[in-house]
Amino acid sequence: MNHPTRILLALVAGASLLFTGCGKSEAPAPSAAPADGVRTIEITANDTMKFNLTEIRAQPGEKLRVALTNLGRMPKQAMGHNWVLLTPRDDAAVLAFAASAAARMPDYLPDDKSAVLAHTRILGGGESDTIEFTVPAQPGEYPFLCTFPGHAALMKGKLIVRP
Ligand SMILES: [Cu+2]
């Protein structure tokens, strides 16, 4: 094999690797698997009252780490965000929970936490909090929301648990 052929083959191999890479990056992966095997879901919130994710998928019984970062600049008294995972309920019941939680400063969580499966603390701009929890064994759709007053209408989503 002469040199030009070898170089050409190397180029073709490189190009196919690039294409493979592009194909993979088309489906954005909102999670990463660190060395300890616990999948981390990176969630961001901002001053326009939005989570970067409105849907998270998980296996029943999977251990998950949720890392919430508030990318905003406003103090938590004005634009605080948290991430609260609830037992299954319809949208109206999610908003009813949000209304009762919003009245409970400073954590914005009700005294009765039987509906709360996991939650971060309230974060001001630039803050972050990481929690770990075990996904319920029961498949279904588990709502999550931010319970800061007035945010749940925009800041909510679903953890979809399927085997
Ligand atoms: Cu919020």
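Just so you know, these numbers come straight off a predicted model, no measurement behind them.

K.L.:
Requested: an account of the sheet that holds strand S3 (residues 55–58), with residues and values cited.
P.N.:
Pairing in this open sheet of 5 strands is mixed, and the strands run S3-S9-S8-S5-S6 from one edge to the other. Single-partner strands in this sheet number two, and they are S3 and strand S6 (116–119). Averaged over all pairs of adjacent strands, the angle between their axes in this sheet comes to 25°, without regard to strand direction. Packed onto the sheet, helix H3 (residues 91–102) meets strand S5 (84–86), S6, strand S8 (140–145) and strand S9 (156–161) and runs at close to 35° relative to S8.

K.L.:
For the pairing of strand S4 (residues 63–70), give the residues involved together with the corresponding values.
P.N.:
It is a general feature of regular strands that their side chains alternate between the two faces of the sheet. Counting buried positions along S4 yields 6 of 8 residues, so the element is predominantly enclosed. Here strand S2 (residues 39–45) pairs with S4 via 7 bridges, running parallel. Bridged to Ile41 within S4 is Val66. Here S4 runs beside strand S7 (residues 128–134); their pairing, made up of 7 bridges, is antiparallel. By the bridge assignment, Lys63 is partnered in S7 with Thr134.

K.L.:
Account for the pairing of S8, with residues named and values stated.
P.N.:
Pairing of S5 with S8, which is carried by 2 bridges, proceeds in the antiparallel orientation. By the bridge assignment for S8, Leu85 is matched with Phe144. Sheet analysis places S8 next to S9, joined by 6 bridges and oriented antiparallel. By the bridge assignment, Phe144 is partnered in S9 with Gly157.

K.L.:
So what's going on with the packing of aromatic side chains? Which residues, and what values?
P.N.:
Remark: the centre distance and the inter-plane angle together describe each pair of aromatic rings, the angle taken between the planes. Taken as a whole and judged by the stated rule, the model has 4 aromatic pairs. Aromatic side chains Phe51 and Phe144 sit 5.8 Å apart centroid to centroid with 70° between the ring planes, which places their arrangement in the edge-to-face category. Separated by 93 residues along the polypeptide, Phe51 in the loop between S2 and S3 and Phe144 in strand S8 bring together distant segments of the chain. The burial state of Phe51 is the same as that of Phe144; both residues are buried. A centroid spacing of 5.2 Å and a plane angle of 65° characterise the contact between Tyr108 and Phe148, whose relative ring orientation is edge-to-face. In this pair, Tyr108 is assigned in the loop between H3 and S6 and Phe148 in the loop between S8 and S9, connecting sequence segments 40 residues apart. Aromatic rings pair up to connect Phe51, Trp83, Phe133 and Phe144 into one cluster.

Conventions used here
- Residues numbered from 1 in each chain as written.
- Predicted model: local features only at pLDDT ≥ 70, side-chain atom pairs only at ≥ 80, totals over all residues.
- Heavy atoms only, no water.
- Pairing = 2+ DSSP bridges.
- Helix = DSSP H or I, 4+ residues; strand = E, 2+ residues; numbered from the N terminus.
- Axes fitted to C-alpha atoms, helices over the stretch in contact; angles between N-to-C directions.
- Contact = heavy atoms within 4.5 Å.
- Buried < 20%, exposed > 50% of the residue type's maximum accessible area, 1.4 Å probe, protein only.
- Phe/Tyr/Trp six-rings, centres within 6.5 Å; stacked < 30°, edge-to-face > 60°.

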